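So you can see what is in the structure, the chains are spelled out below.
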Amino acid sequence: MKLVKKNAAAPKPIMAGLLGKTVSRRAFLRGSGLAVGGAAVAGMMPGTMVKKARAARSIDPKAEIKQIKTVCGHCSVGCSTIAEVQNGVWIGQEPAFDSPLNLGAHCAKGAALRNHGHSKRRVKYPMKMVGGKWERISWDQAINEIGDKLLSIREESGPDALWFAGSSKASNEGSYLQRKFAAFWGSNNCDHQARICHSTTVAGVANTWGYGAMTNSYNDMLNAKSIIMCGSNAAEAHPVAMQLILRAKEQGTKLIVMDPRFTRTAAHSDIYVRFRSGTDVPLIWGILWHVFENRWEDTEYIRQRVYGMDKVRAEVAKWTPQEVERVTGVSGDALLEVARTLAENRPGTFVWCMGGTQHTIGSNYVRAYNCLQLALGNIGKEGGGANIFRGHDNVQGATDVGPNPDNLPGYYPINNVGWTHWSRVWGVDLDWLQNRFDQTEYDDGKGGTMKPMNTGGITVSRWIDGVLEDKANISQRDNIRAAMFWGHAPNSQTRGPEMKRAFEKLDLLVVIDPYPTVSAVLHDRKENTYLLPAATQFEQAGSVTASNRSLQWRDKVIEPLYEHKPDSEIAYLLAKKLGFADEMFKNYDIQNNMPTAESVLREINRGTWTIGYTGQSPERLKEHMKNQRHFDVATLKAQGGPLDNETYGLPWPCYGTAELKHPGTHVLYDPSKHIMEGGGNFRNAFGTEYQGENLLAEGSWSKGAEIQGGYPQFTADILKQLGWWDELTPEEKAEADGRSWTTDLSGGIQRVAMKHGCHPFGNAKARAHVWNFPDPIPVHREPLYTPRYDLVADYPTYDDRKVFYRLPTRWKSVQAKDYSKEFPLVHTSGRLVEYEGGGEETRSNPWLAELKQDMFVEINPADANDVNIKDGQTVWLEGPEGGRIKIKALVTTRVGRGTVFTPFHFGGHFQGQDLLDKYPEGSAPYTRGESTNTATTYGYDAVTMMQETKTTLCRVVPA
Ligand code: SF4
């Protein structure tokens, strides 16, 4: 039964019939066990902690209390909350019951947001390390010294000697400015958290059907008849989304969870499949084997909308139930039950998270998931789709418009087309921009050379190799000599001991963050190290994109505490010192030494045509926040009122200019709707044919399209051929001539295509066969550190490569040695509900830190008994590359025999030593512990440089 919200003011009956009665949003929460505790989602905040959290004292109890709606700064669900502010002090918070994304619910982290408003554990002032001790300095001194040092390194070694991490915690405007900052400095050496959480997803799904994002939404899972989750523990990582899954289950949706670990999510499943970590491709092919065997595939859908499924079928045929069981450990009968459940309960959605992405062949896993969904005909449908749960609050937005080393905002390529487009938007001369980059040529790894401006930068997963690798082996002029961590925790990256060495070798280290982070303490640096206090999300305004592609506007809740500054002000001050502020900030409204978020978003709107970030003007987004209660929970559509029929948060693509009033796209590639109602089809991005086969859709088009069949993406020439050119205004013609739907700044090409019901990006088939990837059809390859060395001969990894994202990268030479005897346990890692990311801000929050105080390893009783370890005992977990961590043992059957699990949020200890003394006074997190990544190992995806944190080896011994 669908949840249908009636358009009404409070009290708001929104859902009829779940239990045979109408319930309000408050009742919904009570039923979900979220706002008031209960057993529905284990690990949720107890009810007492989501009641009003008032400060102990307020300045003037009679002063007016302002209610300011904001968006949680932790995960990508995008929960709204209402901050109560009195005399500029954040004194309380209330659930935002009107939000269609969370209906007032919060998890522990969201309920503890107010601590951001008065935390004393932050870096309070600019700090500088002098002789190994932190000293307070002024902002002027910090900017001057950092700027002088950067300019001198640039002079000696070129602009690529600076590498910097931007942030998925920054707003869209903040992360966009970070990418622009790197471009104007003259480098592609920038990256952010998406590289190490979902880069394989982005590459995998974009290359399959068009856009690198979640196709549907958390809310749309209410429309699914089946939900299959692989490598996702939503009950802890996306708790408020879990409420929707549980609601769907109550409506009869079948829930299948596949995970090496019996998680809190698995505890709610109808079918749980435990498999060996690192074997997702055979697992999925094992399911698809039964689908093909029983002819459960959607043949008409495949004929019309999918290219290359015959090649997948040939690969799947090799994965008989016997071979799948030999490799994954899962029986044929178990996978037959999964296949039948999916076939009988369509549409169904596939959910995956970092358990599916963080692997040396993560892009193969992602594409195997895609192929299963395409075979079942589940993509482009309400209740279907690939619901890819992203991590941080704005990791989707930062991926879309932020600091990526291999593309420009809106996924424009770092080639002449992309740079020309953005220099037009930025109003700078392309030659001037090019002259900012290194003027040498870089080895392209294929026997030729490339311009630095067109060469993908060093990724966050490998920055340490950019520092440590022999200079002769790196494809840039010099090693990385300076690093700037701007909203990024280093303990989320693998190979901790090597990272320590990299930090120590740098000539300059700058950390820009509200908290010191592990970057401040991991190393033994003595000089040339700075901490700059950045404002939190609640001390600056801007937009943020939830995992479902909806944009939400955050108003500023409070003024920055202490000497914290917003990201945009820091960017402005640094750019001024470095000499490019006039060019970089010329299009903005500058107030109080920084650009307004509204003016930055307008520039994003003016340039980001590829993914439809053009229609979400600041005014439209603010209207959506104001009218949240108008939106239906299951469709996210406004029912009546000023935003009638618009989708909440105008999820991208929201094509054309804001004036065109595109409603946003709730479900991508859905041909049952008109393009102006958010409908669509698969994208044409790879030509119209390949080796004689047609790549355009056949017999399928979106509702109302005047071209009834496949068609290529729109350009000025196509409009002319169709006879639609004269529908452009003279001004539009002048701009659009010779351009395409992605580079026409007038929006005329998009407007006219959509007027005829057509999709600006064409109408093509999805690609099951991705010929430009190392494995065009996903194949299994054993992990570099595998417990099944006997399978390496049959399923070997890749050959090493001399140049990949500027660095030599090893696969076979690592896999050449069998470590499984010395290190017999598979080591996998994941999240906890109490903490987020590297964990610094949540472990510095007393209300959260209290809930989970010790870093631990989950170990099966049999493995614990083998080495005589008791529950609660202190142990060493040792990795095969020499990293070791001293932690507590949690003896449990959650993990199967042969596998151990650690959470990845801890930091502040290193190989048995507490680093407390290294933090600036008063800023150490309340809870510290070993970083799991001190013990993780080498291994990178061959498409994106995603790191391997889900399948490596270790041993556990008593400490
Ligand atoms: Fe919602 Fe995620 Fe924040 Fe929890 S962390 S309150 S689920 S946005």
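No experiment lies behind these values; they were computed from the predicted model shown.

Draft legend 1. Seen up close, the packing of aromatic side chains. Counting across every chain of the model gives 47 aromatic pairs. Ring pairing ties together the aromatic residues Phe164, Tyr176, Phe181, Phe184, Tyr412, Trp422, Trp426, Trp432, Trp486 and Phe580, which thus form one cluster. Over the ring of Trp185 we find Arg154, and its NZ or CZ is 4.7 Å from the ring centre.

Draft legend 2. The arrangement of the nonpolar core in detail. Counting 168 residues, the largest nonpolar core has Met258, Trp285, Ile287 and Trp426 as its most contacted members. Here this core gets 9 residues from one element, more than from any other, and that element is helix H8 (residues 280–293). Sequence-distant contacts of Trp285, defined by excluding residues within four places in its chain, comprise Val312, Glu315, Val316, Trp319, Ala368, Cys371, Ile777 and Pro778. In this structure, Ala235, Leu246, Leu255 and Phe538 belong to the second largest nonpolar core, which totals 38 residues.

Draft legend 3. Spatial organisation of helix H14 (residues 362–375). Look at H14: 20 Å from first C-alpha to last across 14 residues, which is about the 20 Å you get at 1.5 Å a residue. Burial of H14 is extensive: 14 of the 14 residues sit out of reach of the surface. Among the residues trailing H14, Gly377 stands out with phi positive, at a value near 70°.

Draft legend 4. Spatial organisation of the pattern of salt bridges. With the rule as written, the count across this model stands at 60 salt bridges. Residue Glu782 is joined to Arg276 by a salt bridge in which the shortest nitrogen-to-oxygen separation is 2.8 Å. On the criterion of sequence distance, the pair formed by Glu782 in the loop between strand E29 (766–767) and strand E30 (801–804) and Arg276 in the loop between strand E12 (271–273) and H8 is long-range, its members being 506 residues apart. One exposure class covers both Glu782 and Arg276, and it is buried. For Glu623, the salt bridge is made with Lys626, and the minimal N-O distance between the two is 3.1 Å. Of this pair, Glu623 and Lys626 both sit in helix H23 (residues 618–626), 3 residues apart, which is roughly one turn of the helix. Shared partners join several salt bridges into a network, and the residues in it are Arg462, Asp465, Arg495 and Glu498.

Draft legend 5. Quick peek at the site of the ligand. In the vicinity of the ligand, the contacting residues are Cys72, His74, Cys75, Gly78, Cys79, His106, Cys107, Lys109, Gly110, Pro239 and Val240. Those elements giving two or more residues to the shell around the ligand turn out to be helix H2 (108–111) and helix H7 (239–250). Looking at the shell around the ligand residue by residue, the class counts come to 6 nonpolar, 4 polar and 1 charged.

Draft legend 6. Inspection of the sheet that holds strand E32 (residues 825–830) at higher detail. Reading around the circumference, E32-E36-E33-E35-E34-E40 is the order of the 6 strands in this closed barrel, with mixed pairing throughout. Taking the axes of each pair of neighbouring strands and ignoring which way they run, one obtains an average angle of 45° across the sheet.

Draft legend 7. Local environment of the UniProt feature "domain: 4Fe-4S Mo/W bis-MGD-type" (unreviewed entry) in the protein. In the numbering used here, UniProt assigns the feature "domain: 4Fe-4S Mo/W bis-MGD-type" (unreviewed entry) to residues 65–121. Span residues 65–121 is 7% helix and 37% strand, its end C-alpha atoms 26 Å apart.

Draft legend 8. Spatial organisation of the confidence of the model for the protein. Of the residues in the protein, 94% have a pLDDT of 70 or more, and the chain-wide mean is 92. Confidence over residues 1–57 falls short of pLDDT 50; this stretch has 128 contacts with residues more than four positions distant or in other chains.

Draft legend 9. Just the packing of H8 against helix H10 (residues 309–316), in detail. Where H8 meets H10, the closest approach of the two axes is 9 Å, and the angle between their N-to-C directions is 110°. On the basis of their axis angle, the class for H8 and H10 is roughly perpendicular. Across the interface between the two elements, Trp285, Leu288, Trp289 and Phe292 from H8 touch Met309, Val312, Arg313, Glu315 and Val316 from H10. Of the residues assigned to the contact of H8 with H10, the class counts are 7 nonpolar, no polar and 2 charged.

Cut-offs applied
- Residues numbered from 1 in each chain as written.
- Predicted model: local features only at pLDDT ≥ 70, side-chain atom pairs only at ≥ 80, totals over all residues.
- Heavy atoms only, no water.
- Phe/Tyr/Trp six-rings, centres within 6.5 Å; stacked < 30°, edge-to-face > 60°.
- Lys NZ or Arg CZ within 6 Å of the ring centre and 35° of its normal.
- Core = buried A, V, L, I, M, F, W, Y, C linked by side-chain atoms within 4.5 Å.
- Buried < 20%, exposed > 50% of the residue type's maximum accessible area, 1.4 Å probe, protein only.
- Helix = DSSP H or I, 4+ residues; strand = E, 2+ residues; numbered from the N terminus.
- Contact = heavy atoms within 4.5 Å.
- Expected span 1.5 Å × (residues − 1).
- Salt bridge = Lys/Arg side-chain N within 4 Å of Asp/Glu carboxyl O.
- Near = heavy atom within 4 Å.
- Nonpolar A, V, L, I, M, F, W, Y, C, P; charged D, E, K, R; others polar.
- Pairing = 2+ DSSP bridges.
- Axes fitted to C-alpha atoms, helices over the stretch in contact; angles between N-to-C directions.
- UniProt positions renumbered as here; feature names shortened; annotations may be inferred.
- pLDDT = per-residue confidence, 0-100.
- Parallel < 35°, antiparallel > 145°, perpendicular 65-115°, else oblique.

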